[in-house]
Amino acid sequence: SGTNSSMRLVLDANEYLYTFGLERKPPSEALVRALLTGMEHDVRIVRTIVEEVIRNSPERSHKPFFGALELILEEGCTIDEEFVIPFHRGEHFMEVGFKEADALIAAYAEAVGADVLVSENRRHFHTMADRLPFQVMDAEGFLKRHPFGK
């Protein structure tokens with residue numbers, strides 16, 4: 001809907017897993033649902049996240065997840081290949097103390113110019129907040145600060 005409050009978001013795999021996987025978290029479900037129904041934001045997703053969600057969720061949840069991805073793509077958002085991640089930045093984030101998966105997601109969010117990385121692993125990113133060029137929020141915090149709709 002082209003408001004100037006539009007932000008570029010990267011959602012960590014756990015947001016999709018808590019929406020489509022076995023363990024559900026209402027804030028994650030609410031955020032993903034809001035993004036799919038009233039897409040005010042530019043959502044970017046890297047193929048490694050898609051693969052992680054598939055790997056860590058039951059088969060019956062794959063179809064709804066792919067349906068959600070289809071909606072995201074229809075809204076003009078992108079699924080990026082891993083080669084968009086500058087691996088030297090991933091290495092940098094590992095050197096300052098990130099675990100590999102978190103380092104790559106941080107490097108990806110930085111590379112695509114994300115305003116916010118939404119992750120339930122906020123504590124891992126929290127200690128590094130001052131070194132990151134984007135905000136890190138969990139789904140509940142994001143929804144409180146950036147409510148959807150009118």
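Every value quoted in this text rests on a predicted model; they were computed, and no experiment measured them.

K.L.:
How do you make sense of the packing of aromatic side chains when you look at a structure like this?
P.N.:
Aromatic rings considered in pairs are described by the distance between their centres and by the relative angle of their planes. Enumeration according to the criterion identifies 5 aromatic pairs in this entry. Their ring planes at 65° and their centres at 5.6 Å tell us that Tyr16 and Phe65 sit as a pair that is edge-to-face. In this pair, Tyr16 sits in helix α1 (residues 13-20) while Phe65 sits in helix α4 (residues 62-74), placing the two residues 49 residues apart along the sequence. Here Phe65 falls in the buried class, since its relative accessible area comes to 1%.

K.L.:
Would you take a moment to explain the sheet that holds strand β5 (residues 135-137) for this structure?
P.N.:
Sheet strands line up and pair through hydrogen bonds in the backbone, either parallel or antiparallel. With respect to topology, 5 strands assemble into an open sheet ordered β3-β2-β1-β4-β5, the strand pairing being parallel. With one partner strand each, in any of the chains shown, β3 (78-80) and β5 form the two edges of the open sheet. Averaged over all adjacent pairs, the angle separating strand axes in this sheet is 30°, with direction ignored. Packed onto the sheet, helix α3 (residues 47-55) meets β1 (8-11), β2 (42-46) and β3 and runs at close to 70° relative to β2.

K.L.:
Honestly, the pattern of salt bridges in this entry has me stumped. Any pointers?
P.N.:
For the structure shown, the criterion picks out 6 salt bridges. For the salt bridge of Arg24 with Glu29, the shortest nitrogen-to-oxygen distance reads 3.3 Å. The class for Arg24 is partly exposed, based on a relative accessible area of 45%. The closest approach of N and O atoms between Glu140 and Lys144, which form a salt bridge, is 3.4 Å. Of this pair, Glu140 and Lys144 both sit in helix α8 (residues 139-145), 4 residues apart, which is roughly one turn of that helix. For Glu140, a relative accessible area of 42% puts it in the partly exposed group. Taking the relative accessible area as the measure of exposure, Lys144 reaches 64% and is therefore exposed.

Conventions used here
- Counting of residues starts from 1 at the beginning of each chain's written sequence and follows it residue by residue.
- Side-chain atom pairs in this predicted model are given and counted only at pLDDT of 80 or more, local residue features only at pLDDT of at least 70, and totals for whole chains, interfaces and linings cover all residues.
- Neither water nor hydrogens contribute to the side-chain values; these are computed over all heavy atoms in the structure.
- Aromatic pairs are defined between Phe, Tyr and Trp rings, using the six-membered ring for Trp, whenever the two ring centres lie within 6.5 Å; interplanar angles under 30 degrees are classed as stacked, those over 60 as edge-to-face, and all others as tilted.
- Elements are defined by DSSP. Helices are runs of H or I of four residues or more, strands are runs of E of two residues or more, and each kind is numbered from the N terminus.
- Partly exposed residues are those whose accessible area sits between 20% and 50% of the maximum for their type, while under 20% is buried and over 50% is exposed, using a 1.4 Å probe and protein chains only.
- When DSSP locates at least two bridges between a pair of strands, those strands are taken to pair.
- Axis definition: a line fitted to C-alpha atoms, over the contacting stretch in the case of helices. Angles run 0 to 180 degrees between N-to-C directions.
- Whether two residues are in contact is decided by their heavy atoms, any of which lying within 4.5 Å being enough.
- The rule for a salt bridge is simple: a side-chain nitrogen of Lys or Arg has to be within 4 Å of a carboxyl oxygen of Asp or Glu.

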